[in-house]
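# Structural overview for review
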2 protein chains.
Amino acid sequence: MVIDNMRKKETKTRDKIIKNALKIFARKGYFRTTVDDIAQATGLAKGTVYLYFKDKQDLYVATIDEHFTRALDTLAGINAKSITPREKMQEIAISVINYIRHLKTSYMLFTFENINLKGKTLKNIHSIIEPKIQEMIDLISDIIEDGVANKQFRKVDPRITAFYFLSMIRAIFLSNLYVSEASFQTDTVLKLFFEGLNKRR
Amino acid sequence: MVIDNMRKKETKTRDKIIKNALKIFARKGYFRTTVDDIAQATGLAKGTVYLYFKDKQDLYVATIDEHFTRALDTLAGINAKSITPREKMQEIAISVINYIRHLKTSYMLFTFENINLKGKTLKNIHSIIEPKIQEMIDLISDIIEDGVANKQFRKVDPRITAFYFLSMIRAIFLSNLYVSEASFQTDTVLKLFFEGLNKRR
DNA sequence: ACGTATAATGACTGACTAGTCAGTCATTAT
DNA sequence: ATAATGACTGACTAGTCAGTCATTATACGT
């Protein structure tokens, strides 16, 4: 009982730190974010953060892990629905966009290319992100394969297409920053994705 | 005469610095790159860099400017060719990919979302990148409009599509890092872009 | 060769942040 | 009541790097 309470408190504080770290890293990026920023946002002193995380990069890794775990949960939830593959993909796109908007950041982060960390931590990030991205690609390519099997989609390489789909989601978000007509027009880009640019004959 | 020689030397050294900065910033990113890295790569002392650039961010801005100027020159050159809109777009994709590969970097940089600079310099970057990206989008959307006019492409929002196209190029590059089957298969992704995912009826 | 202007150098300074650790305090056990 | 424990604090240290500037080297004209 007592031990449970202690562990609860530890988990609770750690989770609070991660939750705040996610928001701040998303908004300011790794290098512009200080450990003190995160500590203050959590209502703690900086030294406390080091009770839970070995160092800044360890915190970052934990944050990314959390981020991708959430994303995968969301994707899995959508995939479990009894809807068509196309509808699944549409829901995935919309939910990712909503998640990003919820972070109230001016740009999307947490893809490894944003991060220029030391080689060792880059490998850590890689070792966490890569399986998660593979899992995402696996999940989306399963959906695509279903669509191909039931003749909704044409025959394509499912994994490349899955990756392309994730990039398309990113384009939806970024287009808002550069194309004044965009305005989070998910439908427009989704239509391009599904219909292509070529005129149908 | 003397003044011309001096100016020549100044321009020459400055250009050398920028050239090296481009490679190193591309590989290591802004924060992981030190001014001394760039100085040494150029064969100069660190203090010399400050003869030509006000500060690190000024150097970065100049580097980005150079990068985008080159990119736009390349795009303009391709656009001037007498080939179909689709061929133009294919050449653009291939030449951008080749440029990135030439930088020998493991990821594509120089889009503002990678950079968490101080507000003022972020605005500087923005003020340089934004017109250039708009110019790129303008150029590509002209090509798309041509394709729509001559019935090669279906009717789409040209600017959103142009942006989506640029994102697609990025996806080609990144897919190499996550999808083992990708292997710079530009054709596969270009086909997806032009044909879409939906099965044709 | 000499003088002058300019290019270039690298040791130094100081701002900044990650990480450390002695100390505090609330809670629990005895 | 006292001791032990662990969550937490914040002053401090160490390392890093952007930027500075006195000094040196080079280029060029006379």
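Being a predicted model, the structure only gives us computed values, none of them experimental.

The rules we used
Residues numbered from 1 in each chain as written. Chains lettered and ligands numbered in written order. Predicted model: local features only at pLDDT ≥ 70, side-chain atom pairs only at ≥ 80, totals over all residues. Helix = DSSP H or I, 4+ residues; strand = E, 2+ residues; numbered from the N terminus. Buried ≥ 20, exposed ≤ 12 C-beta atoms within 10 Å, placed from the backbone. Contact = placed C-beta atoms within 7 Å. UniProt positions renumbered as here; feature names shortened; annotations may be inferred. Nonpolar A, V, L, I, M, F, W, Y, C, P; charged D, E, K, R; others polar. Axes fitted to C-alpha atoms, helices over the stretch in contact; angles between N-to-C directions. Parallel < 35°, antiparallel > 145°, perpendicular 65-115°, else oblique. Left-handed = near helix turned anticlockwise from the far one by under 90°. Core = buried A, V, L, I, M, F, W, Y, C linked by C-beta atoms within 7 Å. Expected span 1.5 Å × (residues − 1). Arc of directions from axis to C-beta. Least-squares fit on C-alpha atoms with pLDDT ≥ 70 in both. pLDDT = per-residue confidence, 0-100.

## Section: the overall build of chain A
- For chain A, the helix and strand inventory stands at 8 helices and 0 strands.
- Here chain A, with 201 residues, has 36% of them falling under the buried criterion.
- Of the contacts formed within chain A by residues at least 6 apart in sequence, a portion of 59% connects residues at least 24 apart.

## Section: the UniProt feature "DNA-binding region" (unreviewed entry) in chain A
- Sequence positions flagged by UniProt for "DNA-binding region" (unreviewed entry) are, in local numbering, residues 34-53 of chain A.
- Taken end to end, residues 34-53 of chain A is 75% helix and 0% strand, and its two terminal C-alpha atoms sit 14 Å from one another.

## Some thoughts on the interface of chain A and chain B
- Each side of the interface is counted separately: chain A has 43 residues, and chain B has 43 residues.
- Secondary structure elements with two or more residues in the side of chain A that touches chain B: helix H1 (2-32), helix H6 (119-149), helix H7 (158-178) and helix H8 (186-195) of chain A.
- In terms of residue class, the side of chain A that touches chain B is built from 20 nonpolar, 11 polar and 12 charged.

## Things to note about the environment of Lys16(B)
- Its place among the elements puts Lys16(B) in helix H1 (residues 2-32).
- For Lys16(B) and Ala41(B), which are 25 residues apart along the polypeptide, the C-alpha to C-alpha distance reads 9.6 Å.

## Quick word on the packing of helix H4 (residues 56-79) of chain A against helix H5 (residues 85-102) of chain A
Residue and element names in this part refer to chain A.
- One can describe the packing of H4 onto H5 by two numbers: an axis separation of 9 Å at closest approach and a directional angle of 150°. One element, H4, and the other, H5, form an angle in the roughly antiparallel class. For the pair H4 and H5, the crossing hand works out as right-handed. Side by side, H4 and H5 meet where Thr74, Leu75, Ile78 and Asn79 of the first sit next to Lys88, Glu91, Ile92 and Ser95 of the second.
- Partitioning the contact of H4 with H5 into residue classes produces 3 nonpolar, 3 polar and 2 charged.

## A short note on the nonpolar core
- Counting 98 residues, the largest nonpolar core has Phe163(A), Phe165(A), Phe163(B) and Phe165(B) as the members making the most contacts within it.
- When near neighbours in sequence (up to four residues on either side) are disregarded, Phe163(B) contacts Ala171(A), Ser175(A), Tyr178(A), Val179(A) and Ile137(B).

## Some thoughts on helix H5 (residues 85-102) of chain B
Residues and elements named next belong to chain B.
- Compared with an ideal rise of 1.5 Å per residue, which puts 18 residues at 26 Å, H5 spans 25 Å between its outermost C-alpha atoms and is within 8% of the ideal.
- Where H5 is concerned, the buried positions are Pro85, Lys88, Met89, Ile92, Ala93 and Val96. One side of H5 holds all its buried residues, which, seen down the axis, span an arc of 135°. Summarising the geometry of H5, the exposed residues directed more than 90 degrees from the buried face are Asn98, Arg101 and His102.

## Things to note about the environment of Leu59(A)
Residues and elements named next belong to chain A.
- Its place among the elements puts Leu59 in helix H4.
- C-alpha of Leu59 to C-alpha of Arg14: the two residues are 45 residues apart in sequence and 9.7 Å apart in space.
- Leaving out residues up to four positions away in the same chain, Leu59 has contacts with Ala21, Val49 and Phe53.

## As for the relation of the copies chain A and chain B
- Turning chain A through 180° and shifting it by 0.0 Å along the axis lays it on chain B, with an RMSD of 0.1 Å. The symmetry that links the two subunits is that of a two-fold axis. Of the C-alpha atoms belonging to chain A, the one lying closest to the rotation axis is found on Gly196(A), 1.7 Å away.
- The overlap is high: 100% of the interface residues of chain A also sit at the interface in chain B, so the same surface is used on both sides.

## Observations regarding unusual backbone geometry
- With phi around 70°, Lys151(A) is a residue other than glycine that occupies positive phi space.
- The residue Lys151(A) is located in the loop between H6 and H7 in this model.

## Describing H4(A)
- Taking 1.5 Å as the rise per residue, H4(A) with 24 residues should run 34 Å; its terminal C-alpha atoms sit 35 Å apart, in good agreement.
- Restricting attention to buried positions, one finds in H4(A) the residues Leu59(A), Tyr60(A), Val61(A), Ala62(A), Thr63(A), Ile64(A), His67(A) and Leu75(A).

## Digging into the confidence of the model for chain A
Residues and elements named next belong to chain A.
- When pLDDT is averaged along chain A, the result is 79; 80% of the residues meet or exceed 70.
- Here residues 106-114 is modelled with pLDDT under 50, and outside its nearest four sequence neighbours on either side it reaches 18 contacts, counting other chains as well.
- In the predicted assembly, ipTM is 0.78 and pTM is 0.82.

## A short note on the environment of Ala45(B)
- With respect to the helices, strands and loops of the structure, Ala45(B) is situated in the loop between helix H2 (35-42) and helix H3 (46-52).
- Counting along the chain gives 10 residues from Ala45(B) to Val35(B), while the straight-line C-alpha distance between them is 9.5 Å.

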